[in-house]
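Per-entry structural report
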Amino acid sequence: MFPGWEVDARFLPVEALSSGTGVPLVLTRAGQDIPPVLAGIDAFLPAATAQGWPMRVIEVPGGQHSFDILNHGPQSEAAVLAAREAVLELLDAG
């Protein structure tokens, strides 16, 4: 952790939905992430879907937090490329 970058553990992404504008979202879910992050994603996804947010979820079952930086390999590469394609598709749809 960097000095001055303390994480506010009370932040829940699901709470931010009501203040957003419905911009397209691409979310990667690393299956080996820390439990609070996974719980936040589990709360966020149905709420975002219910509000009609355009969204794509990229599943990375064996990924840990920051897999795209820490785990260079086929699974990470495929997830990053899938996320890029999802962004392009969502931008085209908008």
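Residues numbered from 1 in each chain as written. Predicted model: local features only at pLDDT ≥ 70, side-chain atom pairs only at ≥ 80, totals over all residues. Heavy atoms only, no water.

1. Topic: helix α2 (residues 35-50)
Since one α-helical turn is 3.6 residues long, residues separated by three or four positions face the same way. Here α2 spans 23 Å end to end across 16 residues, near enough to the 22 Å set by a 1.5 Å rise per residue. Structurally, α2 contributes buried residues whose contacts are with α1 (13-16), β1 (25-30) and β2 (55-60). One or two residues past the end of α2 sits G52, with phi positive at roughly 80 degrees. (Helix = DSSP H or I, 4+ residues; strand = E, 2+ residues; numbered from the N terminus. Expected span 1.5 Å × (residues − 1). Contact = heavy atoms within 4.5 Å.)

2. Some remarks on the environment of G62
Relative to the helices and strands, G62 is located in the loop between β2 and α3 (67-70). Take G62: its relative accessible area is 47%, and that puts it in the partly exposed class. Note: C-alpha distance between G62 and A30 (32 residues apart in sequence) is 6.7 Å. Every residue in contact with G62, bar those within four places of it in the chain, is listed here: Q32 and Q75. (Buried < 20%, exposed > 50% of the residue type's maximum accessible area, 1.4 Å probe, protein only.)

3. Notes on helix α4 (residues 74-93)
Its 20 residues give α4 an end-to-end C-alpha distance of 28 Å, which sits within 8% of 28 Å, the value for a rise of 1.5 Å per residue. Restricting attention to buried positions, one finds in α4 the residues S76, A79, A83, A86 and L90. The buried side chains of α4 occupy one side of the element, clustering within an arc of 80 degrees when seen end-on. Seen from the open side of α4, the exposed residues pointing more than 90 degrees away from its buried face are P74, E77 and D92. Elements that come into contact with the buried residues of α4 comprise β1, β2 and α3. (Arc of directions from axis to C-beta.)

4. Brief notes about the pattern of salt bridges
In the structure shown here, the tally under the stated rule is 4 salt bridges. For D42, the salt bridge identified is with R29, shortest N-O distance 3.2 Å. Within this pair, whereas D42 is found in helix α2, its partner R29 is found in strand β1, the two being separated by 13 residues in sequence. Measuring nitrogen to oxygen at the nearest pair gives 2.9 Å for the salt bridge that ties E85 to R84. Accessibility expressed as a relative area gives 48% for R84, which makes it partly exposed. (Salt bridge = Lys/Arg side-chain N within 4 Å of Asp/Glu carboxyl O.)

5. Comments concerning the side chain of S76
Topologically, S76 is positioned in helix α4. The residues contacting S76, other than those within four sequence positions of it, are F67 and N71.

6. A few points about the pairing of β2
Of the strand pairs in this sheet, β1 and β2 are connected by 6 bridges, and their pairing is parallel. The residue of β2 that forms the bridge with L25 is M55. For the crossover that starts at β1, traverses α2 and ends in the parallel β2, the hand is right-handed. (Pairing = 2+ DSSP bridges. Right-handed = clockwise from strand over helix to strand, strands pointing away.)

7. Here we look at the confidence of the model for the protein
Confidence along the protein averages 83 in pLDDT terms, with 83% of residues attaining 70 or more. The least confident element of the protein, judged by mean pLDDT, is α1 at 72; the most confident is β2 at 93. (pLDDT = per-residue confidence, 0-100.)

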